[in-house]
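# Results of the structural survey
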Amino acid sequence: MKVLTIFFSMKGENIAPGMKIVNLKKGYTNCAAELIQQVTGGDLFEIKPVRVYNPDHMKMIYEAKEEFDRNERPAIKAYPESIDGYDVIFLCFPNWWATMPMPVFTFLDQYDWNGKVIAPLVTSGGSGFANALDDLEKECPGAVILEGMEVLGHEVNDSVKKIQNWAWKTVQTEGLKKPVNEFREFSWETSYEFLQAVRTIAKEKYGRPVKVRVTYDDVIICQFIDGTAAGIEFLDRKEKTVKTTGKPSIELYWHAQEYPEPAQDETLAPFGGAVPYLVNGENHGAFIVSGLRHREDHDLLMEALERVEAGR
C-alpha cells in the first residue's frame, strides 16, 4: 500500500482550553500527521503558504477570515510532483472558520482527484469538521472520501492510540479491497512464494519466529513452523475462521459487534493473520500467519501477498 499524508499546520501561538494562549513548537495538526505517518509509512508532505501569518494568534484568525470571505487561494511554496499511485491519501488540517484553511483549497485545486481515496483528519477547538467535508467533496469531484477523524487540537498528544488505530484501520480496510489474495487458478508456486515472502519479511522487519500455512480445498499446501511448535493451534483456528466465515480474520476483529459468534467460539480466532485464498471469486482455502501481534500478523500477511502480486 502506498500512502501519502498531507498536512497544513500552524505552530506558534494557539488557543488552549479556557481561552489561554500557548506557544507551540509544533502545530497540533503537524503532530497528528506525524502519528499517521509513523503507523502507515509512506510519504509526508506539508502545505506551506508563501505568506507569513501574523504571529499574534487573534490577529491571525482575522487574516484567515479575510481569505475565507474573499474565497482566496493563497500561494503555497511547493507541491508534490504527483499524487498518482497512492492507494490512500490522508489530508490533515485545522478547522478555520468552519472549513479547511484556504491554503488547503489552493493545494486541492492543483490536482485531478477523480478516483483518489482521501481520509481526512481535522483538529479543532470543538467544532470538528463543520462544513469541511462538504467543501472537500466539492473541491475533489470523483474522489472517495473515507470516514474521517475529528480531534481536539489540545488533545492530540493524548490521542496517539486513537489516531493511529484509525489510520492503520483505514489503510488496511482499503488494502483488503485490493484483490491481492485472488487468483485465476491455483498454483503451487504462488503458495510457496507467499511462504518464502513471509519468512523473508518476518526476518527483516520483526526478527521474531512466525508460523505460516497455505491451504487449498482442505489440504495444507505448504507450511513452515519457525521456532517452537507452541501456538500452532492458532494456525488451525485461523484456518477454520476463514473457512467458516469466508472473511479475513482481521475484519471479524474490527467488527466484533456485527459478528459476535466467532468471538464466542473458542475453536476460531477472529483477529489478524488469515485471509481467504480466492480463485475466480470463490473461497478455496486460506493464507495464514501467526506468531506476532494481531496487527503485525495481518501487516506481514498483506505485505507478503503484495510481493507475490508484484511478481506475477
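See the structure shown above.
Described below are features of the structure shown in this document. (Residues numbered from 1 in each chain as written. Predicted model: local features only at pLDDT ≥ 70, side-chain atom pairs only at ≥ 80, totals over all residues. Heavy atoms only, no water.)

All right, on to helix 10 (residues 294-310) then. End to end, helix 10 covers 25 Å across 17 residues, agreeing with the expected 24 Å (1.5 Å per residue, within 8%). Within the sequence span of helix 10, burial applies to Glu296, Asp297, His298, Leu300, Leu301, Met302, Ala304, Leu305, Glu306 and Val308. (Helix = DSSP H or I, 4+ residues; strand = E, 2+ residues; numbered from the N terminus. Expected span 1.5 Å × (residues − 1). Buried < 20%, exposed > 50% of the residue type's maximum accessible area, 1.4 Å probe, protein only.)

On to the nonpolar core. One finds Leu91, Met100, Phe107, Leu108 and Trp113 to be the most contacted residues of the largest nonpolar core, which totals 30 residues. At the level of secondary structure, the elements contributing two or more residues to this core comprise strand 1 (3-7), helix 2 (57-69), strand 5 (88-94), helix 3 (102-109), strand 6 (117-124) and helix 4 (132-139). In this structure tryptophan 113 touches Ile83, Ile89, Phe107, Leu108, Ile118, Glu139, Cys140, Pro141, Gly142 and Ala143, once residues within four positions along its chain are discounted. Val212, Phe287, Leu301 and Met302 belong to the second largest nonpolar core, which has 26 residues in total. (Core = buried A, V, L, I, M, F, W, Y, C linked by side-chain atoms within 4.5 Å. Contact = heavy atoms within 4.5 Å.)

Look at helix 2: 18 Å from first C-alpha to last across 13 residues, which is about the 18 Å you get at 1.5 Å a residue. For helix 2, the full list of buried residues reads His57, Met60, Glu63, Ala64 and Glu67. Projected onto a plane normal to the axis of helix 2, the buried residues spread over an arc of 110° and lie on a single side. When the buried face of helix 2 is taken as reference, the exposed residues oriented beyond 90 degrees from it are Lys59, Tyr62 and Asp69. In the core, the buried residues of helix 2 are packed alongside strand 2 (12-16), strand 3 (20-24) and helix 3. Measuring from the side-chain oxygen of the N-cap residue of helix 2 to the backbone nitrogen of methionine 58 gives 3.0 Å; that N-cap residue is aspartate 56. Phi turns positive one or two residues past the end of helix 2, at asparagine 71, with a value near 50°. (Arc of directions from axis to C-beta. Polar contact = N/O pair within 3.5 Å; in protein donor to acceptor, adjacent residues only side chain to side chain.)

Among the secondary structure elements, arginine 237 is positioned in helix 7 (residues 233-245). At 3.2 Å, the side chain of arginine 237 forms a polar contact with the backbone oxygen of glutamate 266.

Attention shifts here to the sheet that holds strand 12 (residues 274-279). Sheet architecture is open: five strands sit in the order 9-12-13-10-11, paired in mixed fashion. Edge strands, defined here as strands with exactly one partner in the open sheet, are strand 9 (182-183) and strand 11 (219-225). Helix-sheet contacts for helix 7 involve strand 10 (211-216), strand 11, strand 12 and strand 13 (282-290), and the interaxial angle to strand 13 is about 150°. Relative to the sheet, helix 10 contacts strand 9, strand 12 and strand 13, its axis offset from that of strand 13 by approximately 120°. (Pairing = 2+ DSSP bridges. Axes fitted to C-alpha atoms, helices over the stretch in contact; angles between N-to-C directions.)

Turning to the pattern of salt bridges, a few remarks are in order. Should the charged atoms of two oppositely charged side chains come close, the side chains can pair. Under the defined criterion, the tally for this structure stands at 18 salt bridges. The partner of arginine 51 in a salt bridge is glutamate 67, and the shortest N-O contact between them spans 2.9 Å. Residue arginine 51 is found in the loop between strand 4 (43-46) and helix 2, and its partner glutamate 67 is found in helix 2; the two are separated by 16 residues along the sequence. Judged by its relative accessible area of 31%, arginine 51 is partly exposed. A salt bridge links arginine 213 to glutamate 239, with the shortest nitrogen-to-oxygen separation between them at 2.8 Å. Here arginine 213 is found in strand 10, whereas its partner glutamate 239 is found in helix 7, with 26 residues between them in sequence. Here arginine 213 falls in the buried class, since its relative accessible area comes to 4%. Classification of glutamate 239 by relative accessible area gives buried; the value is 19%. Among the ionic contacts, a cluster of salt bridges with common partners joins Glu204, Lys205, Glu303 and Arg307. (Salt bridge = Lys/Arg side-chain N within 4 Å of Asp/Glu carboxyl O.)

Residues Met19, Ile21 and Met58 make up a contiguous nonpolar surface patch of roughly 300 Å² in combined accessible area. Mapping isoleucine 21 onto the fold places it in strand 3. (Patch = residues over 30% accessible without salt bridge, like charges linked within 9 Å, V, L, I, M, F, W, Y side chains within 5 Å. Areas by Shrake-Rupley, 256 points an atom, 1.4 Å probe, with all protein chains shown as cover.)

Our focus in this paragraph is the packing of helix 6 (residues 188-206) against helix 10. Each pair of packed helices can be described by the angle between their axes along with the distance between the axes. Contact geometry of helix 6 with helix 10 gives a least axis separation of 8 Å together with a crossing angle of 125°. Considering the angle they form, helix 6 stands oblique to helix 10. Here the hand of the crossing between helix 6 and helix 10 comes out right-handed. Touching Thr190, Glu193, Phe194, Ala197, Val198, Thr200, Ile201, Ala202, Glu204, Lys205 and Tyr206 of helix 6 are Glu296, Asp299, Leu300, Leu301, Glu303, Ala304, Leu305, Arg307 and Val308, all from helix 10. Among the residues making up the contact of helix 6 with helix 10, the classes are represented as 11 nonpolar, two polar and seven charged. (Parallel < 35°, antiparallel > 145°, perpendicular 65-115°, else oblique. Left-handed = near helix turned anticlockwise from the far one by under 90°. Nonpolar A, V, L, I, M, F, W, Y, C, P; charged D, E, K, R; others polar.)

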